[in-house]
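A look at the structure
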Amino acid sequence: MEKVFKISEKMVANFASITGDYNSLHMDEEFARKTKYRQRLVHGMLPFSFICLIQENFPDQKIEFLELDTSFRKPILIGDEIRLDYTYSETESGKFSYNATWYNHLTEEIVIKSKGGFTLYSFSKEIRDIEQNQTSCLLDEVLENNWTINEIANKKEELNISLNSILLKKYLDSIINEGFLSNTDSIDIPISHNLISTLLLSTLVGMKLPGKYATFAKFQFSFPDQVPLSESIKLVGEVGKVSVASESMEVATTLLKENAVLATGKLNVVVNSPPQKIISCQEIKSNYIDIGLKDKVVVITGASRGIGAATAKLFAMQGAKVIVNYYKGKKDAELIVEDIEKNGGTAIPLQCDIRDKLEVKKFIAQVVEKFCTVNVLVNNAVKEAIPKNVVKLEWQDYLSELEVSLKGMHNCCQTILPIFKQQKFGKIINISTIFVDNPVTGQSQYITAKSAVVGYTKSLAKELAKLNIQVNFVVPNMTETDLVSCVPSDFTKRIAASRDFGRNLQPIEVAQSILFLASSWANSITGQKVVLNLGDLPFG
């Protein structure tokens, strides 16, 4: 059997409302942007719940799931079309097994796999003596925990829940039927009590164990019988095996009504690392003030996180007037400016898609209107560094990276150069990577784009040398920013440990080299690179 449905923002909000799973990865755009996924994900249990559509094959009886064994393979995004393929067969009288696969309908990637069993019940009138104002399966307010992998061992949490016929009908109407809005006829089927109970595992993981940093990987859940409605039930989770290396854990789960066991199971959960902490201005003031750039006007692209954020703060603490450019990270840019201003610096946040030449012209015009000139340009913006095998790369993957790293850089340089030429002074600092000379696998499009940055920097430096405009580039080794969060932390730690220095770079170290090249100490340097190699090749 095959069903295609589409995930909407409304469905995600309704799922959170009914289950109480307001996990930040699903509901908080700003938080999700800092994770390895770089955007909000759909609760995996939401598309999984469409397994209830097996009910359509039994119009005269009600199915009730007894065994559910499910793994979440790929992230699902709002707006994705999902195709559910399932089969079922009778194993003994009144009992059935099923196998189901959920695909991204566009890419054909498998996103969820599930197998299990169900039985059949006769239709019965649902209990109605319930609290009419109950809008969630949770009986108590639940706050989101934020346990890390190093803190989660031996933790135990529980949820007090209750199901009723109104909530089951609400789930059908606001989520299942919402996924088929293009259809003229709505689906009217009974919803499995045990299935809805299973969805609360999402809440246990997303809000409690571990909470904020969770990614649900897989679960097994078994029921001896049907979970009753309109009863106070307790869902208990207790952390078992924890693997710090793989950032994962197992959770034993039990569903209880008083002392009676209604279900048991096991969950596998990934505990993601918290977003990298951006260095504070107070720390910079205390430890990193060494070069003065007072009153210089500095434009930094891609400055709302990582290297760009540290660079913006370091320049500001040296007395420069900083333009914190961002593309999507408005809130982060504003927080950076707020931190700068609280510590006596001058900065403004300005949005610009540097791929668009007209936008860049308007952007630089705003800077000149505010500060009268530009003295330093730091081309830091980059698209992403998600590993991908070269045989799977399309030409569009390369173009997408070049649009930011090369075209965006050229748009900024070309727009600012008339200002530099008129004042007979200017500094341009571009960012490459050590992987241009010492490549790694899975980064072909990123390394290709950064190779273009190297060639562009050297040729531009040659053309502008007589005009007292210096153009240089910084070549950092692996730096601990959100950009590398897509790489497993165990791998980055092993790479760091293999070096003579025994570590990766911090964003502030890259910012210091950028600051040096922008300072008067580097007036005699152009067309050159500062390599932060941590003892790795290349030398010189």
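The present account deals with the structure reproduced in this document. (Residues numbered from 1 in each chain as written. Predicted model: local features only at pLDDT ≥ 70, side-chain atom pairs only at ≥ 80, totals over all residues. Heavy atoms only, no water.)

1. Quick look at the sheet that holds strand β12 (residues 321-326)
Within a sheet, each strand pairs with its neighbour through backbone hydrogen bonds, oriented either parallel or antiparallel. How we decide: Each pair of strands is called paired provided DSSP finds at least two bridges between the two strands. Runs of H or I in DSSP of at least four residues are treated as helices and runs of E of at least two as strands, each being numbered from the N terminus. Here an axis means a line fitted to C-alpha atoms, over the contact stretch when the element is a helix, while the angle between two N-to-C directions is reported on a 0 to 180 degree scale. Pairs of residues are marked as contacts when any of their non-hydrogen atoms sit within 4.5 Å.
Strand order in the open sheet made by the seven strands is β13-β12-β11-β14-β15-β16-β17, with parallel pairing throughout. Taken across any chain shown, the strands that pair with only one partner, and hence form the sheet edges, are β13 (346-351) and β17 (529-532). Put simply, the sheet's adjacent strands are angled 15° from each other on average, direction ignored. Two elements, strand β14 (residues 376-379) and strand β15 (residues 426-431), share four bridges in a ladder whose sense is parallel. Bridge pairing in β15 links L377 to I428. Each of β11 (297-300), β12 and β13 is contacted by helix α8 (residues 306-317), which is oriented at about 175° to β11, the strand it contacts most.

2. Focus: the sheet that holds strand β10 (residues 260-271)
Strand order in the open sheet formed by ten strands is β1-β3-β4-β5-β2-β7-β10-β9-β8-β6, with antiparallel pairing between adjacent strands. The open sheet has two edge strands, β1 (2-6) and β6 (156-161), and neither has a second partner. The average undirected angle you get between the axes of adjacent strands in this sheet is 25°. Where strand β8 (residues 233-243) lies against strand β9 (residues 248-257), eight bridges are found, and the strand directions are antiparallel.

3. Structural notes on the side chain of R499
What counts, and what does not: We call two N or O atoms a polar contact when they sit within 3.5 Å, provided that within protein one can donate a hydrogen and the other can accept it, with sequence-adjacent residues counted only if both atoms are side-chain atoms.
Position of R499 among the secondary structure elements: in the loop between α13 (489-498) and α14 (507-518). Among the polar contacts made by the side chain of R499, one reaches the side chain of N504 at a distance of 2.6 Å. Filtering out sequence-adjacent residues up to four positions away, R499 remains in contact with N477, M478, N504, L534 and D536.

4. Here's the deal with the nonpolar core
To keep it simple, the criterion reads: For this analysis, a nonpolar core means a set of buried residues of the types Ala, Val, Leu, Ile, Met, Phe, Trp, Tyr and Cys, connected via side-chain atoms within 4.5 Å. We call a residue buried when its accessible area falls under 20% of the maximum for its residue type, exposed when it is over 50%, and partly exposed in between, using a 1.4 Å probe and counting protein chains only.
Of all hydrophobic cores here, the largest spans 78 residues; its most connected members are F48, F50, W102, F219 and L255. No other element matches the eight residues that helix α6 (residues 193-208) contributes to this core. When sequence neighbours within four positions are dropped, the list of residues in contact with F50 reads F5, M11, L84, I175, I176, G179 and F180. Listed in part, the 41 residues of the second largest apolar core include V298, A303, V376 and I429.

5. Quick notes on unusual backbone geometry
Backbone torsion omega between L209 and P210 reads 5°, so that peptide bond is classified as cis. Position of P210 relative to the elements: it lies in the loop between α6 and β7 (214-222). The phi dihedral of E108 falls on the positive side, at around 70°, and the residue is not glycine. Residue placement: E108 occurs in the loop between β4 (95-104) and β5 (110-121).

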